[in-house]
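# Remarks on the overall topology
So you can see what is in the structure, the chains are spelled out below.
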Amino acid sequence: MSDAGGLADWRRAPNIAGDPATYELENEAIARDGRLDEALRAVGPWDGLTLLDIGCGTGFWLPRYADTARRVVGIEPDPELLPLAVERCGALTHVEVRHGSAEHLGLDDDSVDLAHARFAYFFGPGAERGLREVERVLAPGGALIVVDNSRSGGDFARLLDAATAGNAADDPIETDRWWAERGAERHEVRGGWRAASRSELEAILRIEFAGQVVDDFMADHDGSSLTYHFAVYEWRP
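Described below are features of the structure shown in this document. (Residues numbered from 1 in each chain as written. Predicted model: local features only at pLDDT ≥ 70, side-chain atom pairs only at ≥ 80, totals over all residues. Heavy atoms only, no water.)

### Let's talk about the environment of Phe217
- Structurally, Phe217 is set in helix 10 (residues 211-219).
- Judged by relative accessible area, which is 3%, Phe217 ranks as buried.
- For the pair formed by Phe217 and Gly90, sequence separation is 127 residues and the distance between their alpha carbons is 40 Å.
- The residues touching Phe217, leaving out its near neighbours within four places in the chain, are Asp155, Arg158, Leu159, Leu205 and Leu226. (Helix = DSSP H or I, 4+ residues; strand = E, 2+ residues; numbered from the N terminus. Buried < 20%, exposed > 50% of the residue type's maximum accessible area, 1.4 Å probe, protein only. Contact = heavy atoms within 4.5 Å.)

### Looking at the packing of aromatic side chains
- In this structure the tally under the stated criterion is 11 aromatic pairs.
- Ring centres 4.2 Å apart and planes at 20 degrees place the aromatic pair Tyr228 and Phe230 in the stacked group.
- For Tyr228, a relative accessible area of 4% puts it in the buried group.
- Sitting over the ring of Phe60, Arg64 keeps its end group 4.0 Å from the ring centre.
- Its end group placed over the ring of Trp61, Arg64 keeps NZ or CZ at 5.9 Å from the ring centre. (Phe/Tyr/Trp six-rings, centres within 6.5 Å; stacked < 30°, edge-to-face > 60°. Lys NZ or Arg CZ within 6 Å of the ring centre and 35° of its normal.)

### Structural notes on helix 7 (residues 155-164)
- Every buried residue of helix 7 is listed here: Asp155, Phe156, Ala157, Leu159, Leu160 and Thr164.
- Contacts from the buried residues of helix 7 go to strand 5 (138-149), strand 6 (185-194), helix 9 (198-206), helix 10 and strand 7 (225-235).

Structure below.
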């Protein structure tokens, strides 16, 4: 597909771009559970810092960062999601939302204390240029925190295994190796989703996985929550 606005490293994310409203419910489910945010604060607190959210989507997390951060910058490549993030943060004077991508952040050198990338899969094997761009904008002592899926356990890992069976390109071991070679520390976080209802959980799953995968899971799963292990990579250049 063609790039947007010259951002050749951008590829449309079908889950959030295909259904932003349901993806909001997914973010709410993660926030409601709370364990991932608690772990992120333990790995890299952002109180009083300048925080960069790479691939901020509709800006769901930006106001939450802004509660205690000195300044928050959201970068989003999708021209359809970008206005939603701008609108959400319009009244927050210390939050800025900009068009850009991992390889084209458009920020000054040494201008960011902490960079986050939540489920924005442009870091891992083949993303060396993006990592160099993040290194450029990080101030001395700064860090990049990347949230990815862990296949070590939990309901979500079971769904991923069913969805990617036979896909040789899906290699979490290689992703771990790539980060380890760059000196990143990997944190295993046990968290989950807490949807508001069972029907909401099913709707969230249907923007992430094929119908039969969701059908099989829901037939064998009770309640409106699921367990989810996260791989959090902490990289300090």
